[in-house]
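Here is how the chains run, residue by residue.
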Amino acid sequence: MNALKANWFKLTVTLLALGILGQNILLIWQTRELRKRLELTVNKEFTPGEVLPDFAGIDLNKQYVKIGFNETHKKFLLITFSTGCPACHANLPNWLALSEKLDRNQWQVVWLSRDPFDMTREYCSKKNISDQVLSEFPLRTYNLLGLRGVPQTAVTDPHGKIEKVWVGQLDDKGWSDVASYFSSQQQVVSLGSP
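Predicted, not measured: the structure shown is a model, and the values here were computed from it. (Residues numbered from 1 in each chain as written. Predicted model: local features only at pLDDT ≥ 70, side-chain atom pairs only at ≥ 80, totals over all residues. Heavy atoms only, no water.)

What to know about the sheet that holds strand β5 (residues 132–134)
- On the basis of which strands lie adjacent, the open sheet formed by 5 strands has the order β5-β4-β3-β6-β7 and mixed pairing. In this open sheet, the two strands that pair with only one neighbour each are β5 and β7 (162–167). In this sheet, neighbouring strand axes are inclined to one another by 20° on average, regardless of whether the strands run parallel or antiparallel.
- Across 5 bridges, the pairing between strand β3 (residues 75–81) and strand β6 (residues 152–156) is antiparallel. Each bridged residue has a counterpart across the sheet, and for Thr 80 the counterpart in β6 is Gln 152.
- Sheet contacts for helix α2 (residues 86–101): β3, β4 (107–113) and β6; angle to β3, the most-contacted strand, approximately 160°.
- Helix α3 (residues 117–126) rests against β3, β4 and β5 of the sheet, and its axis sits at about 110° to β3. (Pairing = 2+ DSSP bridges. Helix = DSSP H or I, 4+ residues; strand = E, 2+ residues; numbered from the N terminus. Axes fitted to C-alpha atoms, helices over the stretch in contact; angles between N-to-C directions. Contact = heavy atoms within 4.5 Å.)

See the structure below:
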């Protein structure tokens, strides 16, 4: 009888150990899958053809503002930036020139800051950015907009479908491509590196 109890005990302990091992293997696999998904979301860049959903953030008046696609006939110029980003600083003069030259009956310009509200407002004030600026995004929106990797300059149609994207610090060739794109959109734009 003792031998039978000992065998049952060994069998029970063995089954418990195998169950725990199986659970650990499953958890490791799930963790790897979640990391892959998170990396795809966090390290995201805008992609031509991608359709952005409506999103919202805090504007320079500390108001919660929604950017609603399909609410206007205008195209959108989206500029993602950070106040401490050297590439953003390099792009700034041409971003401002581009924004200034766009017909506001056809375009809505939205600057998307990855920084906190106070830093963003101070930076925009110093740099004379007078367009709509949003910051303080919820994490899901922050990831959706690819704000971990700035700068990005993107154009969407009125429905939020991304038509064109320029990533990083743009050189003369990059700004020439931007100018060509906007010229083809019936917008006369002349840009060059400062």
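Some thoughts on α3
- Within α3, burial applies to Phe 117, Thr 120, Tyr 123 and Cys 124. Looking straight down α3, one finds that the buried residues subtend no more than 135° of arc, so they occupy a single side. Relative to its buried face, α3 has exposed residues pointing more than 90 degrees away, namely Asp 118, Ser 125 and Lys 126.
- In the core, the buried residues of α3 are packed alongside β1 (55–58), β3, α2, β4 and β5.
- Directly after α3, the chain includes Asn 128, whose backbone phi takes a positive value near 60°. (Buried < 20%, exposed > 50% of the residue type's maximum accessible area, 1.4 Å probe, protein only. Arc of directions from axis to C-beta.)

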